[in-house]
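Tertiary structure, described
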Amino acid sequence: EALGALAGIPLAVKDNIHVKGLKTTCSSRMLENFVAPFNATVTDKLNASDAIIVGKTTMDEFAMGSSGESSKLAVAKNPWDISRIPGGSSSGSAVTVAASQVPFAMGTDTGGSIRMPAAYTGVLGLKPTYGTVSRYGVISCAASGEQVGVYAPDAEGVKEIISVIAGHDDKDGTSLPQKEYEYSTDIAVAGKKVCIVKELLEKAGDATKANVIKYADALKANGVEVEEISWDFFDLANTAWQILMCAETCNNVSRYDGVKYGHRTEQYRNIDELYVKSRTEGFNFLTKAVILYGSDVLSKNRYKDCYDKSLRVRRVIADATKELLEKYDAILAPVCSKTEYTAYDIKDAFTKVFEESVFTALPNLIGTPALVSGGV
């Protein structure tokens, strides 16, 4: 019998992706003892290709946050400077590849979760087109924008993994119909057109701007036409996505109440106290903040002005992006404001995450792919 495409290759998997028989904790006390009863479709595809899943990686609790700091288990350290953290919810997976512990790792991207740590650690991180990789067996944060993706040291590695895991899955209602996809890394780039959005570049720090310009110069040297344009949709996309993300996350984590799923407090006098104490003990500050904000935007008085309007904005931005990409082959953009992640106080987390997400939110909002290479 012929061996699979990934025969003998070790991989790490983010701890919100089910691997049967292993714990899937989402780095939260709420699920600290939960053992996956079945495989995610991505896991099955990796197993079918004869890859070896060697372990799970730490993450932000329930994939919320852009730092990796909110993990109940452990906070990943940047292998190039262990006094710093790599940022991003999928930081554990990025670190395993950057430190050469494994050649490839799986992550999920809900708002830059794959892309930010890829930029900080110097590896490639791909958030695929929404619907190309099944989300079945992934503990969901914000289902309409999150996507399973890949870390690898180079483009060939990204192609190798995404070619295995992409394709239709009947178990996922958002899965695109195409059975399999062909990816290539040897397409000529000469003659392609790329745009840099001025309004977004201006939000980045000097070191990040320099990286983008350096990357643009490399593209030009290979025959790519690079043009700076004005296209002020990123702030709007960020606001809309934050509202939708919080609303969807609030709905998804409502099942963790100490009764149906998740951590149950040891002492309680009635059902209300069981709910309150279990969730107070089981969730961290940022998760609680997202739940509160999501509850607010879904409330009767705010639903139409917040949630419903964000859905309309999503359509407007999707149409505008489609029109832009009829003129250009790609958008070259910074994925974070700085080249080194600086930790912040947890009480400032909600605001800081929102501010930084302006660089990453748009692809999650409308489902476009995004690849980080060379820090951009």
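Scroll up a little and you will see the structure.
Some words on helix α10 (residues 304-324)
- If you check α10, its first and last C-alpha atoms are 29 Å apart, about what 21 residues at 1.5 Å a residue would give, namely 30 Å.
- Of all the bends in α10, the largest measures some 30 degrees and sits at Ser310.
- All buried positions along α10 are accounted for by Cys306, Tyr307, Asp308, Ser310, Val313, Arg314, Ile317, Ala318, Ala320, Thr321 and Leu324.
- Buried residues belonging to α10 abut β6 (193-197), β7 (225-229), α7 (234-252), α9 (285-297), β8 (330-332) and α12 (361-366).

Some details on the packing of α7 against α10
- Remark: α7 packs on α10, axes separated minimally by 9 Å, with the N-to-C direction vectors making an angle of 135 degrees. Classified by the angle between their axes, α7 and α10 sit oblique to one another. Between α7 and α10 lies a crossing whose hand is left-handed. Residues Leu236, Ala237, Ala240, Trp241, Ile243, Leu244 and Ala247 of α7 pack against Cys306, Tyr307, Ser310, Leu311, Val313, Arg314 and Ile317 of α10.
- The class makeup of the residues in the contact of α7 with α10 is 12 nonpolar, 1 polar and 1 charged.

Comments concerning the pattern of salt bridges
- Under the counting rule described, the total for this entry stands at 10 salt bridges.
- The salt bridge partner of Asp257 is Lys260, with a shortest N-O separation of 2.6 Å.
- Looking at Asp257, the relative accessible area reads 5%, which means it is buried.
- A salt bridge links Asp296 to Arg302; its shortest N-O distance comes to 3.1 Å.

Here's the deal with the state of the cysteines
- Taken as a whole and judged by the stated rule, the model has 0 disulfides.
- Here Cys141 is not cross-linked by a disulfide; its sulfur's nearest cysteine counterpart is in Cys246, at 8.7 Å.
- Residue Cys141 is classed as buried on the basis of its relative accessible area of 1%.

Let's talk about unusual backbone geometry
- One non-glycine residue, Cys26, adopts positive backbone phi at about 55 degrees.
- Position of Cys26 relative to the elements: it lies in the loop between β1 (10-14) and α1 (41-48).
- Residues other than glycine seldom take positive phi values, yet Ala63 does so here, at roughly 65 degrees.
- Among the structural elements, Ala63 can be located in the loop between β2 (52-57) and α2 (91-98).

A word on the packing of α7 against α9
- Their axes nearest at 7 Å, the elements α7 and α9 cross at an angle of 105 degrees. By the angle between their directions, the pair α7 and α9 is classed as roughly perpendicular. Contacts from Gln242, Ile243, Met245, Cys246, Ala247, Thr249 and Cys250 in α7 reach Val290, Ile291, Tyr293, Gly294, Ser295 and Val297 in α9.
- Taken together, the residues of the contact of α7 with α9 sort by class into 9 nonpolar, 4 polar and no charged.

A short note on the side chain of Ser337
- Tracing the chain through its elements places Ser337 in the loop between β8 and α11 (349-356).
- In this structure, Ser337 is in contact with Lys203, Ala204, Gly205, Thr208, Glu356 and Phe359, ignoring residues within four places of it in sequence.

Points about the sheet that holds strand β4 (residues 124-127)
- Sheet architecture is open: 6 strands sit in the order β2-β1-β3-β5-β4-β9, paired in mixed fashion. Every interior strand has two partners, whereas the edge strands, β2 and β9 (370-372), have only one. Direction aside, the axes of adjacent strands within the sheet are offset by 20 degrees on average.
- As defined by bridge partners, β1 adjoins strand β3 (residues 104-109) across 3 bridges and the pair is classed as parallel. The partner of Leu11 across the bridge, within β3, is Phe104.
- Together, β1, β3, β4 and β5 (147-152) form the strand contacts of helix α4 (residues 155-165), whose direction differs from that of β5 by roughly 145 degrees.

Let's talk about the nonpolar core
- Ranked by internal contacts, the top residues of the largest apolar core, which has 45 residues, are Phe62, Trp231 and Tyr256.
- Only β6, α7, α9, α10 and α12 provide two or more residues apiece to this core.
- Examining the composition of this core, we find that 10 residues originate from one element, α7, more than from any other.
- Apart from residues no more than four positions distant in its own chain, Phe62 is found in contact with Cys26, Ser28, Met30, Leu31, Ile139, Cys141, Val253, Tyr256 and Phe283.
- Core analysis: the next-biggest nonpolar cluster, separate from the first, contains 27 residues, Leu6, Val13, Val42 and Ile162 among them.

Some words on the sheet that holds β6
- Ordered in space as β7-β6-β8, the 3 strands form an open sheet in which the pairing is parallel. Each end of this open sheet is capped by a strand with a single partner; those strands are β7 and β8. The sheet shows a mean angle of 35 degrees between the axes of neighbouring strands, taken without regard to direction.
- Packed onto the sheet, helix α6 (residues 206-221) meets β6, β7 and β8 and runs at close to 140 degrees relative to β8.

Criteria and cut-off values
- Positions within a chain are numbered from 1, following the residues in the order the chain's sequence is written.
- Thresholds applied to this predicted model are a pLDDT of at least 70 for local features of residues and 80 or more for the giving and counting of side-chain atom pairs; totals over whole chains, interfaces and linings are not thresholded and use all residues.
- Excluded from the side-chain calculations are hydrogens and water; all other atoms, namely the structure's heavy atoms, are used.
- Numbered from the N terminus, helices here are DSSP runs of H or I no shorter than four residues, and strands are runs of E no shorter than two.
- Under the convention used throughout, the expected extent of a helix is 1.5 Å for every residue step, that is, one less than its residue count.
- The bend reported for a residue corresponds to the angle between axes fitted to the seven residues ending at that residue and the seven starting there.
- Exposed residues in this analysis have more than 50% of their type's maximum accessible area, buried residues have under 20%, and partly exposed residues fall in between, with area computed by a 1.4 Å probe over protein chains only.
- Whether two residues touch is decided by their heavy atoms; if any such pair falls within 4.5 Å, the residues are in contact.
- Lines fitted to C-alpha atoms define the axes here, with helix axes fitted over just the stretch in contact, and angles between the N-to-C directions of these axes take values from 0 to 180 degrees.
- Note that the term roughly parallel is reserved for angles under 35 degrees, roughly antiparallel for angles over 145, roughly perpendicular for angles of 65 to 115, and oblique for everything else.
- Crossings are assigned a handedness: left-handed for a near helix turned anticlockwise from the far helix by less than a right angle, right-handed for a clockwise turn.
- Think of it as three bins: nonpolar holds Ala, Val, Leu, Ile, Met, Phe, Trp, Tyr, Cys and Pro, charged holds Asp, Glu, Lys and Arg, and polar takes everything else, Gly as well.
- Criterion for a salt bridge: a side-chain nitrogen of Lys or Arg within 4 Å of a carboxyl oxygen of Asp or Glu.
- In this description, the term disulfide denotes a pair of cysteine sulfurs within 2.5 Å.
- Strand pairing is assigned whenever DSSP identifies at least 2 bridges connecting the two strands.
- To define a nonpolar core, start from buried Ala, Val, Leu, Ile, Met, Phe, Trp, Tyr and Cys residues and group those joined through side-chain atoms within 4.5 Å.

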